Amino acid sequence: MRFRHPDGSIVHLSYCTNVHPAETLDGVRAQLRDHCEPVRRRLGRDRLGIGLWLAREAARVLINDPAELRALRAELDGRGLEVVTLNGFPYEGFGADEVKYRVYRPDWTEPERLAHTTDLARLLAALLPDDVTEGTISTLPLAWRTPYATDPGAAGTARAALTTLAQRLDALAELTGKSIRIGLEPEPGCTVETTADAIAPLTDVGHERIGICVDTCHLATSFEDPDTALDALTAAGIPVVKSQLSAALHAEHPHLPEVRTALAAFAEPRFLHQTRTSTAAGLRGTDDLDEAVAGGALPDSTPWRAHFHVPLHAPPAPPLTSTLPVLRTTLARLVGGPVPLTRHLEVETYTWQALPAELRPRTRTQLADGIAAELTLARDLLVDLGLKELP
């Protein structure tokens, strides 16, 4: 979906296909047929943007076989789908029964991460619509905090990898005329947990093609104030290459037994749901939601937020809610001003099948309806901010 900002530039809205995890190229094609095109039809659109997730195996097939890449581009066109952004965070296994800490490997100290991201940049340059010259890729925020924090050489290795990547992106732009930018995506528990944590390493790299991806669920989970965060990034000259529009789980009164019971329903075995609370002594947290609800690990006199991407249009029932207000505030700053701070927006609720059983979509139709409803909400927010929806 495309929107014209009042300054005349085009803002793209996509939804991320990591909600339909597929490890193979055949799986990617199936998700285009079974999920992406049906969502487009529900929205009554001739064209729908998707934030494609290409696992390592699928990416390598496309890199090694130009005919397969041309066929994928043709299939996207034929189904009324366009790709301007990729989710390069998960490497493989995102559809496994248990993902948890595995999603952070390989990290930016390992050569596989640089190789994979280079592949993704080359693929995105080929998949961009003919009238689009800029693509973006989100990636993990260097590494999970351990063992990175205790390795004296880790920061230098990661910085060197990102510098090499920037040089490759420059060469790619020279060759193709397509500018691909990479955004580190701060996430609770990682080396770069907050936008503030991103400033130093990105300043060290110091390249216009390497910036930040602001995920509004992660921002909220870490209790960051959107205005403060974006002001600091602007002052430091760190570009917001893309933003993922998502909402976290919020519990206003975690000391109440009924709140703990409601939160426990969201603790599940597949993904990590880092949980945070902001206290007078600073941010406190656990790596997963079950550690928090078990009691004793977190103070419960202040609200809790959990890294659980809840559907934008359907916040959980009381006594829980979502951090949609944080998303609204962030979006207003990102694209509601005289000049957009980013032009790539991506709805990224990948946890539909991890929701409590009674909230999960049971059919493809229900899932498509839910994704279409999320995109409709995002579209309405953009229109309310003065952007004009384009055909």
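Figured I'd write up the structure that's included with this text. Please read all numbers here as calculations on a predicted model, not as lab measurements. (Residues numbered from 1 in each chain as written. Predicted model: local features only at pLDDT ≥ 70, side-chain atom pairs only at ≥ 80, totals over all residues. Heavy atoms only, no water.)

**So, empty space enclosed by the protein**
At step 1: Summed over all chains, the structure comprises three cavities of 30 Å³ or more.
At step 2: Estimated volume of the largest cavity: approximately 170 Å³.
At step 3: Looking at the largest cavity, it is lined by 19 residues, and the ones nearest its centre are Phe-94, Val-103, Glu-187, His-307 and Tyr-350.
At step 4: In terms of residue class, the lining of the largest cavity is built from nine nonpolar, six polar and four charged. (1 Å grid on protein atoms, 1.4 Å probe; cavity = no way out; pocket = protein on both sides within 12 Å on 5 of 7 lines; lining within 4 Å. Points joined across faces, edges and corners; volume = space filled by probe spheres on them. Nonpolar A, V, L, I, M, F, W, Y, C, P; charged D, E, K, R; others polar.)

**Focus on the pattern of salt bridges**
At step 1: Within this structure, the stated rule accounts for 31 salt bridges.
At step 2: A salt bridge links Asp-369 to Arg-42, with the shortest nitrogen-to-oxygen separation between them at 2.5 Å. Taken together, the residues Asp-369 in helix H13 (residues 364-384) and Arg-42 in helix H1 (residues 25-43) connect sequence positions 327 residues apart.
At step 3: With a closest N to O distance of 4.0 Å, Glu-82 and Arg-47 form a salt bridge. Here Glu-82, found in strand E4 (residues 81-87), pairs with Arg-47, found in the loop between H1 and strand E3 (48-52); they are 35 residues apart in sequence, far enough to count as distant.
At step 4: The class of Glu-82 is buried, set by a relative accessible area of 6%.
At step 5: By relative accessible area, which is 26% here, Arg-47 ends up partly exposed. (Salt bridge = Lys/Arg side-chain N within 4 Å of Asp/Glu carboxyl O. Helix = DSSP H or I, 4+ residues; strand = E, 2+ residues; numbered from the N terminus. Buried < 20%, exposed > 50% of the residue type's maximum accessible area, 1.4 Å probe, protein only.)

**What to know about helix H9 (residues 226-236)**
At step 1: Here H9 has its buried residues at Pro-226, Ala-229, Leu-230 and Leu-233. Relative to the axis of H9, the buried residues are bounded by an arc of 90 degrees and lie together on one face. More than 90 degrees from the buried face of H9, the exposed residues found are Thr-228 and Ala-235.
At step 2: Residues of H9 that are buried sit in contact with helix H7 (195-205), strand E7 (210-215), helix H8 (216-221), strand E8 (240-245) and helix H12 (324-335).
At step 3: Remark: Gly-237 follows H9 within two positions and exhibits a positive phi of approximately 75 degrees. (Arc of directions from axis to C-beta. Contact = heavy atoms within 4.5 Å.)

**Quick notes on unusual backbone geometry**
At step 1: Residues Arg-105 and Pro-106 are joined by a peptide bond in cis, for which omega reads -10 degrees.
At step 2: As for its position among the elements, Pro-106 is in the loop between E4 and helix H4 (111-127).
At step 3: The omega torsion of the bond from Pro-318 to Pro-319 falls at 15 degrees, within 30 degrees of zero and hence cis.
At step 4: For Pro-319, the position within the fold is in the loop between strand E12 (304-310) and strand E13 (320-322).
At step 5: A positive phi is found at Leu-142, a non-glycine position, where the angle reads about 75 degrees.
At step 6: With phi around 55 degrees, Phe-223 is a residue other than glycine that occupies positive phi space.
At step 7: One can find Phe-223 in the loop between H8 and H9.

**So, the environment of Ala-247**
At step 1: Relative to the assigned elements, Ala-247 resides in strand E9 (residues 247-251).
At step 2: Excluding its chain neighbours within four sequence positions, the residues that come into contact with Ala-247 are Cys-217, Phe-308, His-309, Val-310, Leu-312, Ser-322, Thr-323 and Leu-324.

**What about the sheet that holds E9?**
At step 1: Taken together, five strands build an open sheet; the order of strands is E11-E10-E12-E9-E13 and the sheet is antiparallel. Single-partner strands in this sheet number two, and they are strand E11 (282-286) and E13. Strand-to-strand, the axes of this sheet are offset by a mean angle of 30 degrees, without reference to chain direction.
At step 2: Bridge analysis of E9 against E13 gives three bridges, and the strand direction is antiparallel. Each bridged residue has a counterpart across the sheet, and for Ala-251 the counterpart in E13 is Leu-320. (Pairing = 2+ DSSP bridges. Axes fitted to C-alpha atoms, helices over the stretch in contact; angles between N-to-C directions.)

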